[in-house]
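What follows is each chain in one-letter form.
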Amino acid sequence: MAWDDLPPTVAGEDQGSRAGPIRLTLIGPDGVSSRTFGETARITIGRSPHHPICLNDPEVSRDHAVLTVGPVSWLEDRDSANGTWLGEEKLPPRTPKPLSHGQSFRIGKTLFALLAESVVEGLSPEEQRQRERILDALNRTAGNQKEAAQLLGISRRTLSNWLDRYQIPRPRKRGGASEG
């Protein structure tokens, strides 16, 4: 299924006021990517190739999670083996949780963040180039913030400030063994 063919969200979920396209940013072992899609979408995520977001990661279940985007966005774990993480919280299976725009979530080794497209479009051309340089550095260093800062010739603190300013999700180090 192509991104343009994603079905609309379920009726009755219009509880918020956000309007306009959404950008989903992914930071994972395969690099950094962004996808833009319309105001509403239901996006399944998993290891199986039939999902619009297919992650080749042994920590990801075949049918891992679903992201429903609309005026209010929802994230639901599909009873996956290793869980879906919203911030530091492991989501309970089959219980949709509201997702704020700009909030990050993690599936396996991939970090995701939703942004209103207008946030990115509101940047000046120089700010857009700077944001792309940061994403490129994170991609080239597999999300290692210290190495990305060195590559950019800036301090780790400056990179942290830029991640906040440009609403780029922070890659996090994975600790310990996988959750079951």
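Going by the structure above, here's the rest.
Criteria and thresholds
- Residues numbered from 1 in each chain as written.
- Predicted model: local features only at pLDDT ≥ 70, side-chain atom pairs only at ≥ 80, totals over all residues.
- Heavy atoms only, no water.
- Phe/Tyr/Trp six-rings, centres within 6.5 Å; stacked < 30°, edge-to-face > 60°.
- Buried < 20%, exposed > 50% of the residue type's maximum accessible area, 1.4 Å probe, protein only.
- Pairing = 2+ DSSP bridges.
- Helix = DSSP H or I, 4+ residues; strand = E, 2+ residues; numbered from the N terminus.
- Axes fitted to C-alpha atoms, helices over the stretch in contact; angles between N-to-C directions.
- Parallel < 35°, antiparallel > 145°, perpendicular 65-115°, else oblique.
- Left-handed = near helix turned anticlockwise from the far one by under 90°.
- Contact = heavy atoms within 4.5 Å.
- 1 Å grid on protein atoms, 1.4 Å probe; cavity = no way out; pocket = protein on both sides within 12 Å on 5 of 7 lines; lining within 4 Å.
- Points joined across faces, edges and corners; volume = space filled by probe spheres on them.
- Nonpolar A, V, L, I, M, F, W, Y, C, P; charged D, E, K, R; others polar.

1. A short note on the packing of aromatic side chains
This model, assessed by the stated rule, comprises one aromatic pair. With 4.7 Å between their ring centres and 0° between their planes, Phe-105 and Phe-112 make a pair best called stacked. Exposure remark for Phe-112: the relative accessible area of 0% places this residue in the buried category.

2. Examining the sheet that holds strand β9 (residues 97-99)
What the five strands build is an open sheet, ordered β4-β3-β5-β6-β9; its pairing is mixed. Because the sheet does not close on itself, it has two edges, and the strands there are β4 (53-54) and β9. In this sheet, strand β6 (residues 73-77) lies alongside strand β5 (residues 65-69) in antiparallel orientation, the contact comprising four bridges. Directly across from Thr-68, in β6, lies its bridge partner Trp-74.

3. Section: the packing of helix α2 (residues 125-140) against helix α4 (residues 156-165)
The interhelical angle for the contact between α2 and α4, taken along N-to-C directions, is 120°, at an axis separation of 11 Å. The angle between the axes of α2 and α4 places the two elements in the oblique class. Classified by chirality, the crossing of α4 by α2 is left-handed. Residue-level contacts link Glu-127, Gln-130, Ile-134 and Leu-138 of α2 to Leu-159, Trp-162, Leu-163 and Arg-165 of α4.

4. Focus on the layout of surface pockets
Gaps between atoms show up when a probe of the same size as a water molecule is rolled over them. When its volume is computed, the second largest pocket comes out at roughly 290 Å³. In terms of lining residues, the second largest pocket is bounded by 19 residues, among which Leu-26, Asp-30, Cys-54, Leu-55 and Thr-110 are the most central. Elements that contribute at least two residues to the lining of the second largest pocket include exactly β1 (22-28), β2 (31-37) and β4. Ranked by residue count, the leading element in the lining of the second largest pocket is β2, at four residues. The residue makeup of the lining of the second largest pocket, split by class, is ten nonpolar, five polar and four charged.

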